[in-house]
Structure formats: C-alpha cells, structure tokens
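A closer look at the structure
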Amino acid sequence: MTPTTVNNLLIQVRAFVDEQVAPAAAGWSMGAEPDPALFSKAGALNLMGIEVPTEFGGLGLDFAAKIQVCEIIAAMDFGIAMALVNSHNVAARLCRTAPPNVRDKYLPGLISGTLRGCTALTEPGAGSDFASITTQASKIDGGWRLNGEKAWIINARHAQVSVVFAQCGEIGDMSGISAFAVDLSTPGIERYAIDSPFQQTSIGTGGFTLGKVEIADECQLVKPGRAFKTVLTEINGARAYVAAMCNAMLRAAITEAEIYGAHRMTFGKTLNNHPSWQQALDDARADLAIAEGLVVRAVNDVDKGADAQLSAAEAKVQCILTCQHHMPRLLHNMGAEGLRPAHCFTRHLAAAQVAGFTDGATNMLRDRVAMLKQTASAE
Ligand SMILES: Cc1cc2nc3c(=O)[nH]c(=O)nc-3n(C[C@H](O)[C@H](O)[C@H](O)COP(=O)(O)OP(=O)(O)OC[C@H]3O[C@@H](n4cnc5c(N)ncnc54)[C@H](O)[C@@H]3O)c2cc1C
C-alpha cells in the first residue's frame, strides 16, 4: 500500500472512532458491554488484517501503519484499541505458523470481525515470570491434552480462538514451552470475565480453565524450544504499541484541557491565563515530546527487524510513567468537570494504570532496561 492509501485508511479509522467508539466510550468505562457489531465494522476496514499479507485477505502493511491505527483508536478508548489489536495479532500469528486448515478455519472470521482472538500466556500464578507457567500440555495419540488456567487475557470473555502457551516438559523449563491454537468452545474449557473499575469493558478481559482439553497435533503453532524466544521477540512490538497508545491518550488529554482552558473563566480570566494552570500543560507537552521520540526509535527497530528489546522496553516504561504522571494533573486542571465520563481524563487515567501491566509490568521492565544497558555498555 502506498502512503496515500495508508492515509486513506487513517481517515477511515478516524471516522470509525467518531461514529462507533466515541459515542460508546463513556459507557464502557462504567460497565456497559460493547456491541459485537463494532468488531464487524472494524473488520469492514480490515483493521484485524493490517499486517496480514494480502494473499490471506489482509492489507499487508507494516508495523508503523498498525501503530498509527492503534494511536487513533486509543486516543478515544484504550480498551477497544487493545481488543482489536489482540485479535489482529492472532490473525497474523495464524498466517505465520498455522497449518493451512487451522489457519483457514479462523482467519476469515478474525479478519472480518465475526470471530475474536486472544493470546494467553498469563496464569493466576505466573505473570512476569512467564517461564514458570504451569498449564501442562501432555502428548496423546494424534494430539495434545491441556490442563491449567489462564487469567487476565484480553478478549478472553468473547474470543472463539486463543493462542495458548503451555509447558510440554518440566515446570520452569523455558525450552519446554509451546504454543497451541485452542478453540474456546472445546469441551473442558470454562471461561469467566474479570472486571475491575480500572479497565474499560471494551478490553474484554477474562480467563479460562482447561480441564483435560484435547486438541489435534495440527493445532501446535510453535514447537518447544522456539516458543519462549518467539514471545520475547514479538512482545517488543506489543510494548511499542502500548507505549504509542499511552502517548496518544496523553496527547488527547492535553488537547481537551487546552480547549476547555480557553473558555472556562475563573477570577475574570480564562484558565489558560493562570500561569500555574498553563505550566501543567507545558510540562505535559515537554515530557510527551521525549516519549514520542522513544516510540519512533522502537518502531524503527521493530520495522527494520533489528533487536528492539531495549528500545521497546524503554519506550513502554517511559511512556507509561509519563502518562501516569501527567494524566492526574490534567484531570485536576479541568476542575470537577474533568470527572465527567464524557471527557477522556478518568478513562485514560485508569487505562494508563492498566497499560502498566500489559505486555510486561513496569518494575520488571525497569530492571530489564537496566540489565540490557549494563550488558550493552560492557560490550
Ligand atoms: C487488563 C489486562 C490485560 C492483560 N492482557 C493479557 C493478555 O492478553 N495475555 C496475557 O497473557 N496476559 C495479559 N495480561 C497479564 C499481564 O501480562 C500481567 O499482569 C503482567 O505480566 C504482570 O504479571 P502479574 O500481574 O502476575 O504480576 P507479577 O508478575 O506478580 O508482578 C507483580 C509486581 O512485581 C513486579 N516484578 C515482578 N518481577 C519483577 C522483577 N524481576 N523485578 C522487579 N519487579 C518485578 C512487577 O513489575 C509487578 O509490579 C493482562 C493484564 C491486565 C491487567
């Protein structure tokens, strides 16, 4: 696709956000369930096929295009942006490593938005320490039997297919972890929703238990020995887009506060004529500019296929901390008006906390960044 057609896509995404996301976002932050038709409307724009090759029905675009789409949607609602991109990632994963019959069973539905996908690494007892997952995959004749539980999974409450990571060997052996395509309607799977006042319902978070779930050999997407490394590589992209989404939320909040401050009067002046009020916006703009630079570096690394471990982790940590730092101050700048769900502030404030957990929790990543920098300086 040429830049002009990427621009056309971005115009359509903005219209999608104005017409489908903006009217519903306040409700999602207060517990309303998203309309499933929204996914089909996203599918009509091929948003779940952005990086999927054109021969499989996708748009065949690069990572930079996906980031731009994520930013536009997250500026209004982080939850739905994460739900759509996670479904997208399952579609892209099936194209890369699924046998044709498994791929063809789900891909058209994922791309059109009639099906949803999720990726399940986390368990009640294992999050940051992914190598310690205890969901067990045991070999049986012609396939695998899965036992365990996955928790805090985006889209899990609605998805039809999940990429499930499970241990084929001894617990703690990272080379024993494998990835499987699991149909969530398979007997033995019980799913549940996970709700929290800190996340929009649009993110669809849930979990599921797997009790003696039997799947065919062809459902193994990544063999032991490669799955752990694959996760470590692919998660760099996820960290970069979560970072970009945090910047988008902060940018949206600055703009909304600016507009409000230009007409709200106190003590005979508009708010933006009070120096300390303006200072809060200036500080946010300055930190946002630094955060944006970190995302550009990480996206370049991911798009070039370079090692993005450090740049993506650093971007995620800094963009999240920046968003978490400034969002309460911008909310304060709005006065009580900022608390209304019609504005973005409370929604984005909560989402910035959630973003601090997805695809690598902040403290764990801070340690990772320090370690990677130490290694780089020793070389
Ligand atoms: C809304 C939401 C959506 C999610 N979606 C998905 C999904 O789609 N798929 C999926 O698989 N998972 C998903 N997750 C799970 C997410 O990846 C985990 O929450 C994350 O990996 C952290 O794991 P944990 O919550 O178990 O925290 P823990 O691993 O128990 O960590 C607790 C705290 O200790 C810190 N910590 C841990 N280890 C270290 C260390 N070595 N050094 C310093 N600090 C450390 C962490 O930073 C964190 O602050 C989601 C989570 C949320 C909240």
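Quick caveat: nothing in here was measured; it's all calculated off a predicted structure.

Thresholds applied
- Residues numbered from 1 in each chain as written.
- Predicted model: local features only at pLDDT ≥ 70, side-chain atom pairs only at ≥ 80, totals over all residues.
- Heavy atoms only, no water.
- Phe/Tyr/Trp six-rings, centres within 6.5 Å; stacked < 30°, edge-to-face > 60°.
- Helix = DSSP H or I, 4+ residues; strand = E, 2+ residues; numbered from the N terminus.
- Buried < 20%, exposed > 50% of the residue type's maximum accessible area, 1.4 Å probe, protein only.
- Expected span 1.5 Å × (residues − 1).
- Axes fitted to C-alpha atoms, helices over the stretch in contact; angles between N-to-C directions.
- Parallel < 35°, antiparallel > 145°, perpendicular 65-115°, else oblique.
- Left-handed = near helix turned anticlockwise from the far one by under 90°.
- Contact = heavy atoms within 4.5 Å.
- 1 Å grid on protein atoms, 1.4 Å probe; cavity = no way out; pocket = protein on both sides within 12 Å on 5 of 7 lines; lining within 4 Å.
- Points joined across faces, edges and corners; volume = space filled by probe spheres on them.
- Nonpolar A, V, L, I, M, F, W, Y, C, P; charged D, E, K, R; others polar.
- Domains from an automatic or database assignment.
- Buried area = accessible area lost by both parts, 1.4 Å probe.
- Near = heavy atom within 4 Å.
- Polar contact = N/O pair within 3.5 Å; in protein donor to acceptor, adjacent residues only side chain to side chain.
- Core = buried A, V, L, I, M, F, W, Y, C linked by side-chain atoms within 4.5 Å.
- Salt bridge = Lys/Arg side-chain N within 4 Å of Asp/Glu carboxyl O.

1. Describing the packing of aromatic side chains
- According to the stated counting rule, one finds 3 aromatic pairs in the structure shown.
- Measuring from ring centre to ring centre gives 5.7 Å for Phe130 and Phe165, while their planes differ by 80°; the resulting arrangement is edge-to-face. With Phe130 in the loop between strand 1 (117–120) and strand 2 (136–140) and Phe165 in strand 4 (residues 161–167), this pair connects stretches of sequence that are 35 residues apart.
- A relative accessible area of 9% means that Phe130 is categorised as buried.

2. Focus: helix 6 (residues 227–261)
- Between the first and last C-alpha of helix 6 there are 50 Å, a value that for 35 residues agrees with the 51 Å anticipated at 1.5 Å per step.
- Among the 35 residues of helix 6, 26 are classified as buried, and the element is accordingly described as predominantly covered.

3. Here we look at the packing of helix 8 (residues 309–333) against helix 9 (residues 345–355)
- Taken N-terminus to C-terminus, the directions of helix 8 and helix 9 make an angle of 150°; their axes are 9 Å apart at the nearest point. By the criterion of interaxial angle, the relationship of helix 8 to helix 9 is roughly antiparallel. Both helix 8 and helix 9 take part in a crossing whose hand is left-handed. Between helix 8 and helix 9, the contacting residues are Lys316, Ile320, Cys323, Gln324, Met327, Pro328, Leu330 and Leu331 on the first element and Phe345, His348, Leu349, Ala352, Gln353 and Ala355 on the second.

4. What to know about unusual backbone geometry
- Positioned with a positive phi, Asn155 is a non-glycine residue whose angle comes to about 75°.
- Tracing the backbone through its elements, the reader meets Asn155 in the loop between strand 3 (143–153) and strand 4.
- Backbone geometry places Lys212, a non-glycine residue, at a positive phi of 50°.
- Mapped onto the fold, Lys212 is located in strand 7 (residues 206–216).

5. Focus: the layout of surface pockets
- In this structure, the second largest pocket encloses a volume near 320 Å³.
- Lining the second largest pocket are 16 residues; nearest its centre among them are Glu71, Ile72, Ala75, Met76 and Ala252.
- Elements with a minimum of two residues in the lining of the second largest pocket: helix 1 (3–28), helix 3 (63–74) and helix 6.
- In terms of residues, the lining of the second largest pocket owes the most to one element, helix 6, which gives 4 residues.
- Here the residues of the lining of the second largest pocket are counted per class, giving 8 nonpolar, 2 polar and 6 charged.
- Of the residues that make up the lining of the second largest pocket, three or more belong to each of domain 1 (3–117) and domain 3 (227–378).

6. Side note on the domain arrangement of the chain
- Under the domain assignment, the chain is made up of domain 1 (3–117), domain 2 (119–222) and domain 3 (227–378).
- Distance from the C-alpha centre of domain 1 to the C-alpha centre of domain 3: 22 Å.
- Residue-level contacts link 23 residues of domain 1 with 24 residues of domain 3.
- Interface area for domain 1 against domain 3, summed over the two sides, is near 1,700 Å², with a carbon-plus-sulfur share of 70%.

7. Concerning the site of the ligand
- Near the ligand there are 19 residues, and of these Leu121, Thr122, Ser128, Trp152 and Asp367 occur at the shortest range.
- In the model, a nitrogen atom of the ligand is placed 2.9 Å from a nitrogen or oxygen of the Trp152 main chain.
- One nitrogen or oxygen atom from the side chain of Asp367 is found 2.8 Å from a nitrogen atom belonging to the ligand.
- Each of domain 2 (119–222) and domain 3 (227–378) contributes no fewer than three residues to the shell around the ligand.

8. Observations concerning the side chain of His343
- Summarising the element assignment, His343 is placed in the loop between helix 8 and helix 9.
- Reaching out from His343, the side chain makes a polar contact with the side chain of Glu256 at a distance of 2.7 Å.
- There is a polar contact of 2.8 Å between the side chain of His343 and the side chain of Glu337.
- Apart from the residues lying within four places of it in its own chain, the contact partners of His343 are Glu256, Met334, Glu337 and Gly338.

9. Comments concerning the nonpolar core
- Counting residues in hydrophobic clusters, the biggest one holds 75 residues, and the most contacted among them are Phe16, Leu47, Ile73, Phe78, Met82, Tyr241 and Met245.
- Among the secondary structure elements, those contributing two or more residues to this core are helix 1, helix 2 (37–44), helix 3, helix 4 (78–97), helix 6, helix 7 (275–304), helix 8 and helix 9.
- Examining the composition of this core, we find that 15 residues originate from one element, helix 6, more than from any other.
- When residues no more than four places from it in sequence are discounted, the contact partners of Ile73 are Val13, Val17, Leu47, Ile80, Ala81 and Leu84.
- Judged by nonpolar contacts, the second largest core, of 27 residues, contains Ile111, Ala131, Phe165 and Ile177.

10. A look at the pattern of salt bridges
- This model, assessed by the stated rule, comprises 17 salt bridges.
- Of the charged contacts, one joins Arg285 and Asp282 as a salt bridge, the two residues approaching to 2.6 Å between their closest N and O atoms. Taken together, the residues span about one helical turn, with Arg285 and Asp282 both in helix 7 at a distance of 3 residues.
- Relative accessible area serves as the criterion here: at 31%, Arg285 is assigned to the partly exposed category.
- Residue class for Asp282 comes out partly exposed when judged on its relative accessible area of 34%.
- Taken together, the shared-partner salt bridges connect Glu33, Arg157 and Asp195 into one network.

11. A word on empty space enclosed by the protein
- For the structure on display, the rule yields 1 cavity of 30 Å³ or more.
- Roughly 70 Å³ of volume is contained in the largest cavity.
- Leu47, Ile50, Lys66, Val69, Cys70, Ile73, Ala81, Leu84, Val85 and His88 are the residues that line the largest cavity.
- For the lining of the largest cavity, the elements supplying multiple residues, two or more each, are helix 3 and helix 4.
- Each residue belonging to the lining of the largest cavity can be placed in one class, and the counts come to 8 nonpolar, 1 polar and 1 charged.

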